[in-house]
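Residue-level listing of the chains:
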Amino acid sequence: MTNSLGRDPEGAAGRPAGKRQRLIDAASQLLHQQGVETTTLAGIAQAADVPVGNVYYYFKTKDDIIAAVIEAHVQQARAALASIDGSHRSPKSRLKALVSQYADQSEVIALYGCPHGSLCSELDKRPSRPGFALAELMGVPIAWAEEQFRALGRRDAHDLAVSLVATYEGSALLANTFRDPDILAREARRLNRWIDAL
């Protein structure tokens, strides 16, 4: 699943179209590239081409915009998985399409890490973390993969789904640590062979 987010065609609550979504998109990119602590509301405003004073019209705090980014990631993940469902007939081909989406991001992941995993890891270390939907962010692909494994008749569907996502997240961490996108590509090939063997 990629880190690009869709546009909000009408804006929120009658506000000028696009500014809120531009802020979310900019925040998503900066949080991924710079991390939570380094990213500032002023930096987000500049990247979104929105006057810094206008940010507070849409988001009162940095935590508010982080929550909006997480929700956008969750919706993006659901849309990507629905697209896979619509374009692949068998559970194995759907699982392999997910692995392919992960592998397609190998260059970006080698530079910045997994956008979802990095965000979850950083936010989990904060002393106070408001009700961020971190479990949902990681749970969406796990629940979807579990459905695919269950459709293959696997009684251990949940364990297999966790293993699939954990393998990707671990590979993403190593690819980022060593700045080596081929780590993720190799793991994707291994996961495809694993899926074929089920």
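Look a little higher up for the structure.
Residues numbered from 1 in each chain as written. Predicted model: local features only at pLDDT ≥ 70, side-chain atom pairs only at ≥ 80, totals over all residues. Heavy atoms only, no water.

Participant: Outline the pattern of salt bridges, listing residues and values.
Facilitator: Note that side chains of opposite charge can pair when their charged atoms are close. Applying the stated criterion across every chain yields a total of nine salt bridges. Across the pair Glu146 and Arg150 runs a salt bridge, and its minimum N-O distance is 2.7 Å. One end of the pair, Glu146, and the other, Arg150, are both in helix H8 (residues 134-151), four residues apart, so they sit about a helical turn from each other. Linked by salt bridges that have partners in common, Glu37, Asp63 and Arg126 make up one network. (Salt bridge = Lys/Arg side-chain N within 4 Å of Asp/Glu carboxyl O. Helix = DSSP H or I, 4+ residues; strand = E, 2+ residues; numbered from the N terminus.)

Participant: Could you give an account of helix H9 (residues 157-177), with specific residues and numbers?
Facilitator: Helical geometry: 3.6 residues make up each α-helical turn, so side chains three or four residues apart lie on a common side. For H9, which comprises 21 residues, the first-to-last C-alpha distance of 30 Å matches the rise-based estimate of 30 Å (1.5 Å per residue) to within 8%. For H9, every residue scored as buried is listed here: Ala157, Leu160, Ala161, Leu164, Val165, Thr167, Tyr168, Glu169, Ser171, Ala172, Ala175 and Asn176. Looking at the buried positions of H9, the neighbouring elements they touch are helix H5 (91-104), helix H6 (106-112), helix H7 (115-124), H8 and helix H10 (181-197). (Expected span 1.5 Å × (residues − 1). Buried < 20%, exposed > 50% of the residue type's maximum accessible area, 1.4 Å probe, protein only. Contact = heavy atoms within 4.5 Å.)

Participant: Report on the side chain of Glu169, specifying residues and quantitative values.
Facilitator: Within the secondary structure, Glu169 is located in helix H9. Comment: no salt bridge for buried Glu169; closest opposite-charge side chain is Lys125, at 12 Å. Setting aside residues up to four positions removed in sequence, Glu169 forms contacts with Cys114, Gly117 and Met138. (Lys, Arg positive; Asp, Glu negative; His and termini not counted.)

Participant: So what about the state of the cysteines? Which residues, and what values?
Facilitator: Inspection of the entire model under this criterion finds zero disulfides. With no disulfide partner, Cys114 has as its closest neighbouring cysteine sulfur the one in Cys120, 8.1 Å distant. (Disulfide = S-S within 2.5 Å.)

Participant: Can you explain the nonpolar core? Please cite residues and give values.
Facilitator: Leu23, Ile44, Ile70, Leu123, Phe149 and Leu164 are the most contacted members of the largest nonpolar core, which has 57 residues in total. No other element matches helix H4 (residues 62-87), which puts 10 residues into this core. If sequence neighbours within four positions are ignored, Leu164 has contacts with Leu95, Leu98, Val99, Ala145, Phe149, Leu191 and Trp194. (Core = buried A, V, L, I, M, F, W, Y, C linked by side-chain atoms within 4.5 Å.)

Participant: Lay out H5 with the relevant residues and their values.
Facilitator: Compared with the 20 Å implied by 1.5 Å per residue over 14 residues, the 20 Å span of H5 between its first and last C-alpha is a close match. Within H5 the residues assigned to the buried category are Pro91, Arg94, Leu95, Ala97, Leu98, Val99, Tyr102 and Ala103. For H5, the elements touching its buried residues are H4, H6, H8, H9 and H10.

Participant: Describe the packing of H5 against H9, listing the residues and the values that go with them.
Facilitator: Close contact between H5 and H9 brings their axes to 11 Å; oriented N to C, the two are set at 15°. Classed by the angle they form, the pair H5 and H9 counts as roughly parallel. Between H5 and H9 the crossing geometry is right-handed. Mapping the contact onto sequence places Leu95, Leu98, Val99 and Tyr102 in H5 and Leu164, Val165 and Tyr168 in H9. Partitioning the contact of H5 with H9 into residue classes produces seven nonpolar, no polar and no charged. (Axes fitted to C-alpha atoms, helices over the stretch in contact; angles between N-to-C directions. Parallel < 35°, antiparallel > 145°, perpendicular 65-115°, else oblique. Left-handed = near helix turned anticlockwise from the far one by under 90°. Nonpolar A, V, L, I, M, F, W, Y, C, P; charged D, E, K, R; others polar.)

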